[in-house]
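Observations on the three-dimensional arrangement
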Amino acid sequence: MSCNGCRVLRRGCSDECILRPCLEWIESPQAQAQATLFVSKFFGRSDLMSLVAAVPHSQRSVLFQSLLFEACGRKVNPVNGAVGLLITGNWHICRAAVETVLAGGVITPISPPDGVVKCMETEASEISEESPESGESDKEPKLLNLFS
Ligand SMILES: [Zn+2]
């Protein structure tokens, strides 16, 4: 059976499919399809495939997750992207954007620089109320340490 990535990109799927392991961390088939579409549109389908093919099978899930955050971060924060959101303490905006994409929503650039944090904070807090995620607090400090 075709994986949800190939299905949405209308490409042939197989047991050796390189997209399949990319999507394992995403629970719902619909969200897997949304994520694939978004990342594929952002990086371009053939570039996405090259990026995925270049890393070992075991790292494809992490790579895809990273690409999704990068794409979402760039979309909502065109100038500084995901890294900009991270170092300014606005990582929750990036996470909210990813959640929105996974849910099939549309994300648009945040307006600079004031109203931004305001309007996105509401969205982010709504999301964290819906799904209190465990383990996230462990991950963030590690990411932040990269920039300290
Ligand atoms: Zn596939």
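Values in this document were obtained by computation on a predicted structure and should not be read as measured data. (Residues numbered from 1 in each chain as written. Predicted model: local features only at pLDDT ≥ 70, side-chain atom pairs only at ≥ 80, totals over all residues.)

Below, the discussion takes up the overall build of the protein chain. Assigned secondary structure in the protein chain consists of eight helices and zero strands. Order of helices (α) and strands (β) in the protein chain, N terminus to C terminus: α-α-α-α-α-α-α-α. For the protein chain, with 148 residues in total, the buried portion stands at 34%. The long-range share in the protein chain, meaning contacts at least 24 apart out of those at least 6 apart in sequence, stands at 58%. (Helix = DSSP H or I, 4+ residues; strand = E, 2+ residues; numbered from the N terminus. Buried ≥ 20, exposed ≤ 12 C-beta atoms within 10 Å, placed from the backbone. Contact = placed C-beta atoms within 7 Å.)

This next bit is on the nonpolar core. In this structure, L68, C72 and A97 are the most contacted members of the largest nonpolar core, which totals 31 residues. Listing elements by their share of this core, those giving two or more residues are α2 (29-43), α3 (45-53), α4 (60-76), α5 (81-87) and α6 (91-102). Leaving out residues up to four positions away in the same chain, C72 has contacts with C94, A97, V98, V101 and I107. (Core = buried A, V, L, I, M, F, W, Y, C linked by C-beta atoms within 7 Å.)

A few words now on the packing of α2 against α3. Running from N to C, α2 and α3 cross one another at 105°; their axes reach a closest spacing of 6 Å. Put simply, α2 runs roughly perpendicular to α3. Across the interface between the two elements, V39, S40 and F43 from α2 touch R45, D47, L48 and L51 from α3. Here the residues of the contact of α2 with α3 sort into four nonpolar, one polar and two charged. (Axes fitted to C-alpha atoms, helices over the stretch in contact; angles between N-to-C directions. Parallel < 35°, antiparallel > 145°, perpendicular 65-115°, else oblique. Nonpolar A, V, L, I, M, F, W, Y, C, P; charged D, E, K, R; others polar.)

Within the secondary structure layout, Q34 lies in helix α2. On a C-alpha basis, the gap between Q34 and V101 in space is 6.6 Å, while along the polypeptide they are 67 residues apart. Among residues more than four places away in sequence, those in contact with Q34 are V101, L102 and G104.

Any segment with low pLDDT has predicted coordinates that should not be analysed in fine detail. Residues with a pLDDT of 70 or more make up 75% of the protein chain, whose mean pLDDT is 83. Least confident of the elements in the protein chain is helix α8 (residues 136-145), whose mean pLDDT is 43; most confident is α2, at 98. Between residues 114-148, whose pLDDT stays under 50, and residues either more than four places distant or in other chains, the model counts 17 contacts. (pLDDT = per-residue confidence, 0-100.)

What follows deals with the environment of V106. Relative to the helices and strands, V106 is located in the loop between α6 and α7 (114-130). Taking the C-alpha atoms as reference points, V106 and F38, separated by 68 residues in sequence, lie 9.9 Å from one another.

It is worth spelling out the packing of α4 against α6 at this point. Relative orientation of the contacting elements α4 and α6 amounts to 105°, with a least axis distance of 9 Å. Considering their axes alone, α4 and α6 lie roughly perpendicular with respect to each other. Where α4 abuts α6, its residues L68, F69, C72, G73, K75 and V76 lie against I93, C94, A97, V98 and V101. Of the residues in the contact of α4 with α6, the class split is nine nonpolar, one polar and one charged.

Looking now at unusual backbone geometry. Backbone geometry at R10 places phi at a positive 50°, although glycine is not the residue there. Positionally, R10 belongs in the loop between α1 (4-9) and α2.

With respect to the secondary-structure elements, P29 resides in helix α2. With 13 C-beta atoms counted inside 10 Å, the residue P29 sits in the partly exposed group. Distance in space between the C-alpha atoms of P29 and C3 is 8.7 Å, their sequence separation being 26 residues.

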